[in-house]
Amino acid sequence: MPATIALVDDDRNILTSVSMTLEAEGFQVRTFTDGESALQGMLTRPVDLAVLDIKMPRMDGMELLQRLRQRSSVPVIFLTSKDDELDQLMGLRLGADDYITKPFSQRLLLERIRALLRRNEASRAEGSGAPPSGVITRGDLVLDETKHTCTWKGQPVQLTVTEFLLVKALAQRPGMVKNRDQLIDAAYGENLYVDDRTIDSHVKRVRKKFRQVDEDFSMIETLYGIGYRYKEA
C-alpha cells in the first residue's frame, strides 16, 4: 500500500505543485490549508508522514507540531524560512524529524520524504520474526524495535523516529563515544547532509522526554568537542 503524506500549508500553489509531484511518484496525498483542520484530520485518519509549514491561519505550524506530538509519533518534516535558524531549532525541539528551508527543491523534499519513510520502516521492521533480537535492554532502558516503543523504569517514553534511532545508536554500545557524524549517519543515513546542531537539538529533546518520566535521568552524557555516549550501567 502506498504511503500517505499530509501536506499542510496555506499556500495553495505549493499544495498543488507538491501534491502533483508526490502523486506522480506513487504517494497518496492529503492536503490542509490550516493547522486546526490538519490536526483533526491526522488524528482522525493517521498518515505515514507529515510536511508542515510554520505560518498558517487558525493554528500555526509550531502549535500544530506541539499538539500533534502529544498524540502521535508520525514522522514530521518542517518547512522553515531560509534564514530563520530559530524556527529550525524550535521545530526540532518540538519534535520534528527533519526540516527543509523555503524556497525548496521538490526533488530534495522528495528524497527527504523517502529517506524518513525508509528510516521509519526499518525501525519498525528490524527484528521482526525474531522478537528477542528486536529488544535492547540497558538497565532501566528497554527499546523494542519491533513495536517502536521505549520505556524507562517501566514508564513509556514517546520518541519520534529520529529520537528512537539516536537512543538506539547510543544504547547499543554503552560507554563508547559517538561523534555527531556517527549519530547523523545512524539517524538520517549516509546520503543526507544534516547540520551538527540538528543532532544537539534532538539530544536535548530526548533528555527532556526522559526527565519527564524520571527527573534524575542522566544516562546520555555530553563530551564537549567530541560527541555523546550512553553511560555504562
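Attention here is on the structure that accompanies the text. Bear in mind the structure is a predicted one, so any value in this text is a computation, not a measurement. (Residues numbered from 1 in each chain as written. Predicted model: local features only at pLDDT ≥ 70, side-chain atom pairs only at ≥ 80, totals over all residues. Heavy atoms only, no water.)

1. Focus: the pairing of strand 4 (residues 76–81)
- Among the 6 residues of strand 4, 5 are classified as buried, and the element is accordingly described as predominantly covered.
- Tracing the backbone out of strand 3 (residues 49–52), into helix 3 (residues 61–69) and back to the parallel element strand 4 gives a crossover that is right-handed.
- The sheet contact formed by strand 4 and strand 5 (residues 98–102) spans 5 bridges and is parallel. Bridge pairing links S81 to K102 in strand 5. (Buried < 20%, exposed > 50% of the residue type's maximum accessible area, 1.4 Å probe, protein only. Helix = DSSP H or I, 4+ residues; strand = E, 2+ residues; numbered from the N terminus. Right-handed = clockwise from strand over helix to strand, strands pointing away. Pairing = 2+ DSSP bridges.)

2. Remarks on the pairing of strand 3
- Of the two faces of strand 3, the one holding L49 and V51 and the one holding A50 and L52 are both buried throughout.
- Relative to strand 4, strand 3 is paired through 3 bridges, and the arrangement is parallel. Residue pairing across strands places V51 opposite I77, the latter belonging to strand 4.

3. A few points about the packing of helix 2 (residues 35–44) against helix 3
- As a packed pair, helix 2 and helix 3 sit with axes 9 Å apart at the nearest point and diverge in direction by 20 degrees. Classified by the angle between their axes, helix 2 and helix 3 sit roughly parallel to one another. Seen along the crossing, helix 2 lies across helix 3 with a hand that is right-handed. Packed against helix 2, whose contacting residues are G35, A38, L39, M42 and L43, the element helix 3 presents L64, R67 and L68 at the interface.
- Class assignment for the residues of the contact of helix 2 with helix 3 results in 6 nonpolar, 1 polar and 1 charged. (Axes fitted to C-alpha atoms, helices over the stretch in contact; angles between N-to-C directions. Parallel < 35°, antiparallel > 145°, perpendicular 65-115°, else oblique. Left-handed = near helix turned anticlockwise from the far one by under 90°. Contact = heavy atoms within 4.5 Å. Nonpolar A, V, L, I, M, F, W, Y, C, P; charged D, E, K, R; others polar.)

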